[in-house]
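Structural overview
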Amino acid sequence: MLYHPDKHRDPELKKQAEQLFTYVHQAYEVLSDPQSRAIYDIFGKKGLEVEGWEVVEKKRTPAEIREEYERLQRERDERRLQQRTNPKGTISVGIDASDLFDRYEEDFEDVPGGGFPHIEINRMHISQSIEAPLTTSDTAVLSGSLSTHNGNGGGNINLCILPSAVFYATVGPLAFYLAVQKLIIMPYVRAQKEQELEKHKEVSASDIARRKQEAEAAVLLMQESVKRIIDAEESKMGLIILNAWYGKFVSDNNQKRESAKVIDVTVPLQCLVKDSKLILTEASKAGLPGFYDPCVGEEKSLKLLYQFRGGMHQVLSGDTEPLKIPKQSHRIDSET
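Treat the numbers as computed from the prediction; the structure is a model and nothing was measured.

Section: the overall build of the protein
- When its secondary structure is counted, the protein shows seven helices and eleven strands.
- Across the 336 residues in the protein, those meeting the buried criterion constitute 29%.
- Within the protein, contacts between residues at least 6 apart in sequence are counted, and of these 56% link residues at least 24 apart.
- With the model as given, the accessible surface of the protein reaches about 23100 Å², and the carbon-plus-sulfur share is 53%.

This is how it looks when you write it as structure tokens:
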């Protein structure tokens with residue numbers, strides 16, 4: 001109803017409403033069909049494309065689609081965990097059992113214990129390796145090993161000494177790996193991520209500009225509805241959004257204030273208020289009407305200053321955290 005072209009007389013607003021209303025119509029077609037909705041909830045828009053639908057059969061029920069997706073997700077998580085360090089270990093033991101096959105039983109019948117063949121462990125080898133992926137094509141490998149043969153080597157056949165040798169063969173490389181990880185790998189990976197983030201921003205610049213334009217158009221179309229909502233809420237001392245900011249907040253210790261990459265979302269949030277309540281689900285807020293992502297790839301938050309029953313309230317919520325207001329715990333002193 002908000003974006004319906006017939007509700008706007010201004011030619012420019014009508015044109016913007018037609019574009020946004022097309023998105024609403026597309027969304028309704030997907031969400032009103034149980035099967036399409038299940039696919040979208042799990043895979044997003046890409047899952048709705050016929051060419052890209054290769055994960056599960058479309059004829060499956062929504063429950064089967066979700067079950068299949070969860071199974072695939074668990075497998076992916078397990079593979080990622082294994083790929084992070086790819087730990088490998090081997091233990092080989094050499095046993096001398098020649099006495100079991102090369103003896104005359106009658107020669108040992110009168111010897112105490114001679115009825116049992118003599119079997120001994122004469123060789124042992126233990127190795128451990130850890131892999132640390134640097135990039136998609138480069139990997140660092142750290143390893144250690146321990147070998148003994150007939151009581152000689154990196155240890156001896158005494159059981160109380162063997163765990164110590166294992167410790168130096170496994171924990172030593174691990175400690176070295178942690179040091180390399182902190183001093184070399186992590187700074188390198190951090191620099192790589194920053195470069196990738198800048199490249200991503202350059203590639204998506206046009207998409208960001210389009211989404212910003214759509215968000216600004218949506219805010220213009222909301223103005224009349226927001227005025228009516230505010231009048232209704234003020235008449236019953238209900239929920240009034242005084243200020244709302246979305247983006248990346250940075251603390252500036254020198255000027256004792258907050259400077260950040262943020263956008264004003266006061267109007268879009270007030271438009272979502274119904275019966276003195278605002279409820280946001282567990283999803284990125286960049287997809288809300290009137291919102292866009294002001295800092296792609298960076299951590300974002302939503303900061304709200306609102307009034308309810310004459311009292312001032314304030315809350316800071318993470319981008320994907322669910323939010324329900326008003327709440328007593330958000331109340332602050334008016335002077336604050």
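Observations concerning helix α1 (residues 11-31)
- Compared with an ideal rise of 1.5 Å per residue, which puts 21 residues at 30 Å, α1 spans 30 Å between its outermost C-alpha atoms and is within 8% of the ideal.
- Along its buried surface, α1 packs onto α2 (34-43) and α6 (205-235).

Quick word on the packing of α1 against α6
- The contact between α1 and α6 brings their axes to 10 Å, and the two run at 110°. In terms of orientation, α1 lies roughly perpendicular with respect to α6. When you trace α1 past α6, the crossing you get is left-handed. Taken together, the residues of α6 that come into contact with α1 (itself represented by Leu13, Gln16, Ala17, Gln19, Leu20 and Tyr23) are Arg210, Glu214, Ala217, Ala218, Leu220 and Leu221.
- For the contact of α1 with α6, a count of residues per class yields eight nonpolar, two polar and two charged.

Regarding the pattern of salt bridges
- One pass over the full model with this rule turns up eight salt bridges.
- The shortest N-O distance in the salt bridge between Lys261 and Glu298 comes to 3.0 Å. Pair noted here: Lys261 is in strand β6 (residues 257-264) and Glu298 is in the loop between β7 (278-280) and β8 (301-308), with a separation of 37 residues, a long-range link.
- Residue class for Lys261 comes out partly exposed when judged on its relative accessible area of 41%.
- Shared partners join several salt bridges into a network, and the residues in it are Asp207, Arg210, Arg211 and Glu214.

Remarks on the environment of Gln223
- With respect to the helices, strands and loops of the structure, Gln223 is situated in helix α6.
- Taking the relative accessible area as the measure of exposure, Gln223 reaches 30% and is therefore partly exposed.
- For the pair Gln223 and Cys271, spaced 48 residues apart in sequence, the C-alpha to C-alpha distance is 8.5 Å.

Some words on the pairing of strand β9 (residues 311-318)
- A large share of β9 lies buried, amounting to six of its eight residues.
- Relative to β9, β8 runs antiparallel, the two being bridged by eight bridges. Within β9, the residue paired with Gln307 across the bridge is Met312.

Regarding α2
- Along α2, the residues that are buried comprise Ala38, Ile39 and Ile42. One side of α2 holds all its buried residues, which, seen down the axis, span an arc of 95°.
- Note on α2: the residue one or two positions beyond its end, Gly44, has a positive phi of about 75°.

Some points on the nonpolar core
- Core analysis: the biggest nonpolar cluster contains 22 residues, and Ile241, Leu269, Leu302 and Leu304 have the highest contact counts within it.
- Looking at this core, the elements that each hand over two or more residues are α6, β5 (239-252), β7, β8 and β10 (323-325).
- Once residues within four sequence positions are removed from consideration, Leu269 is found in contact with Ile241, Ala244, Leu278, Leu280, Phe291, Leu302 and Leu304.
- Ranked by size, the runner-up nonpolar core spans nine residues in total, among them Tyr3, Leu20, Leu221 and Val226.

Describing the side chain of Gln270
- Here Gln270 lies in helix α7 (residues 266-271).
- A relative accessible area of 1% places Gln270 in the buried class.
- A polar contact of 2.7 Å, which involves the side chain of Gln270, links it to the backbone nitrogen of Ile241.
- Those residues in contact with Gln270, other than ones at most four positions away along the chain, are Val226, Ile229, Ile230, Glu233, Leu239, Ile240 and Ile241.

Thresholds applied
Residues numbered from 1 in each chain as written. Predicted model: local features only at pLDDT ≥ 70, side-chain atom pairs only at ≥ 80, totals over all residues. Heavy atoms only, no water. Helix = DSSP H or I, 4+ residues; strand = E, 2+ residues; numbered from the N terminus. Buried < 20%, exposed > 50% of the residue type's maximum accessible area, 1.4 Å probe, protein only. Contact = heavy atoms within 4.5 Å. Areas by Shrake-Rupley, 256 points an atom, 1.4 Å probe, with all protein chains shown as cover. Expected span 1.5 Å × (residues − 1). Axes fitted to C-alpha atoms, helices over the stretch in contact; angles between N-to-C directions. Parallel < 35°, antiparallel > 145°, perpendicular 65-115°, else oblique. Left-handed = near helix turned anticlockwise from the far one by under 90°. Nonpolar A, V, L, I, M, F, W, Y, C, P; charged D, E, K, R; others polar. Salt bridge = Lys/Arg side-chain N within 4 Å of Asp/Glu carboxyl O. Pairing = 2+ DSSP bridges. Arc of directions from axis to C-beta. Core = buried A, V, L, I, M, F, W, Y, C linked by side-chain atoms within 4.5 Å. Polar contact = N/O pair within 3.5 Å; in protein donor to acceptor, adjacent residues only side chain to side chain.

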